[in-house]
Structure formats: structure tokens, C-alpha cells
Amino acid sequence: MMARIPLILEPQPEGGYTVTSPLLPELITEGDTIPECLVNVEDAFAAVVEIYEDRGRPLPDGIYADDPNGPVSVEALVSIR
């Protein structure tokens, strides 16, 4: 299943990023690069889903894509030279 999760990647002084989500405050992870962060988000999201299930809490409405085979909207940062 696909989920839409807003993410904030905050650069750290020592390098890398800390990743949080305003929609899921329990989601916290990090990575040295943006691609690594996105891989780590999958594991962090799985842990958050487990926490919500254990507590009997529903995930926020609209988090799951209605049609996992349909189009996906993605925002990306790109470097302009």
C-alpha cells in the first residue's frame, strides 16, 4: 500500500538530515543523504503504523493513496545550475 506523508528534512550542523512529519509526530528518522532519508522513512513509518495499531488509534485520514496503481504526486528539490 502507498501512503502520502509530508516530510521535513532538516539539515544538521554535523552533516546529514533529521526527518520529521507534521502529520505524524511520532515519525522521526535521519540519514546522511536525501535518498538515505527516504529509505529510512519507510522503516520509521512501519514503526509508526505499529504504534498506532498497538494503541488502537487510526492513522490520519487521507494518508493512504486511494489507488496504489494510479498516479502519484511527488514534490522534489532539484538543483538549478
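Everything numeric here is computed off the predicted structure, so don't read it as measured data.

So, about the packing of aromatic side chains. Overall, the coordinates contain zero aromatic pairs when judged by the stated rule. When the ring centre of Tyr 52 is taken as origin, the NZ or CZ atom of Arg 57, which lies over that ring, is 4.3 Å away.

This paragraph deals with the side chain of Ser 21. Tracing the backbone through its elements, the reader meets Ser 21 in the loop between strand S2 (17–20) and strand S3 (28–31). Given the relative accessible area of 4%, Ser 21 is considered buried. Of the polar contacts made by the side chain of Ser 21, one reaches the backbone oxygen of Pro 6; its length is 2.7 Å. Those residues in contact with Ser 21 that sit more than four places away from it in its chain are Ile 5, Pro 6, Leu 7 and Leu 27.

Another aspect to go through is a nonpolar patch on the surface. Together, Met 2, Val 72 and Val 74 give the surface a local cluster of nonpolar side chains, amounting to about 290 Å² of exposed area. Owing to a relative accessible area of 53%, Val 72 belongs among the exposed residues under this scheme.

Given 3.6 residues per turn, any residue in an α-helix points the same way as the ones three and four places further on. Spanning 22 residues, helix H1 (residues 34–55) covers 31 Å between terminal C-alpha atoms, matching the ideal 32 Å at 1.5 Å per step. The set of residues buried in H1 consists of Cys 37, Val 41, Ala 44, Phe 45, Val 48, Val 49 and Tyr 52. Buried residues along H1 sit against strand S1 (8–11), S2 and S3. Among the residues trailing H1, Gly 56 stands out with phi positive, at a value near 70°.

What the three strands build is an open sheet, ordered S1-S2-S3; its pairing is antiparallel. The outermost strands of the open sheet, each flanked by one partner alone, are S1 and S3. The mean inter-strand angle of the sheet, taken between neighbouring strand axes irrespective of direction, is 25°. The pairing of S2 with S3 spans four bridges and is antiparallel. Bridging from a neighbouring strand, Val 19 pairs with Thr 29 of S3.

Residue placement: Thr 29 occurs in strand S3. Taking relative accessible area as the criterion, Thr 29 reaches 14% and is therefore assigned buried. Excluding anything up to four places from it in sequence, Thr 29 contacts Tyr 17, Thr 18, Val 19, Cys 37, Asn 40, Val 41 and Ala 44.

What counts, and where the lines are drawn
Residues numbered from 1 in each chain as written. Predicted model: local features only at pLDDT ≥ 70, side-chain atom pairs only at ≥ 80, totals over all residues. Heavy atoms only, no water. Phe/Tyr/Trp six-rings, centres within 6.5 Å; stacked < 30°, edge-to-face > 60°. Lys NZ or Arg CZ within 6 Å of the ring centre and 35° of its normal. Helix = DSSP H or I, 4+ residues; strand = E, 2+ residues; numbered from the N terminus. Buried < 20%, exposed > 50% of the residue type's maximum accessible area, 1.4 Å probe, protein only. Polar contact = N/O pair within 3.5 Å; in protein donor to acceptor, adjacent residues only side chain to side chain. Contact = heavy atoms within 4.5 Å. Patch = residues over 30% accessible without salt bridge, like charges linked within 9 Å, V, L, I, M, F, W, Y side chains within 5 Å. Areas by Shrake-Rupley, 256 points an atom, 1.4 Å probe, with all protein chains shown as cover. Salt bridge = Lys/Arg side-chain N within 4 Å of Asp/Glu carboxyl O. Expected span 1.5 Å × (residues − 1). Pairing = 2+ DSSP bridges. Axes fitted to C-alpha atoms, helices over the stretch in contact; angles between N-to-C directions.

In short, the description is geometric, and any link to function would need to be established separately.
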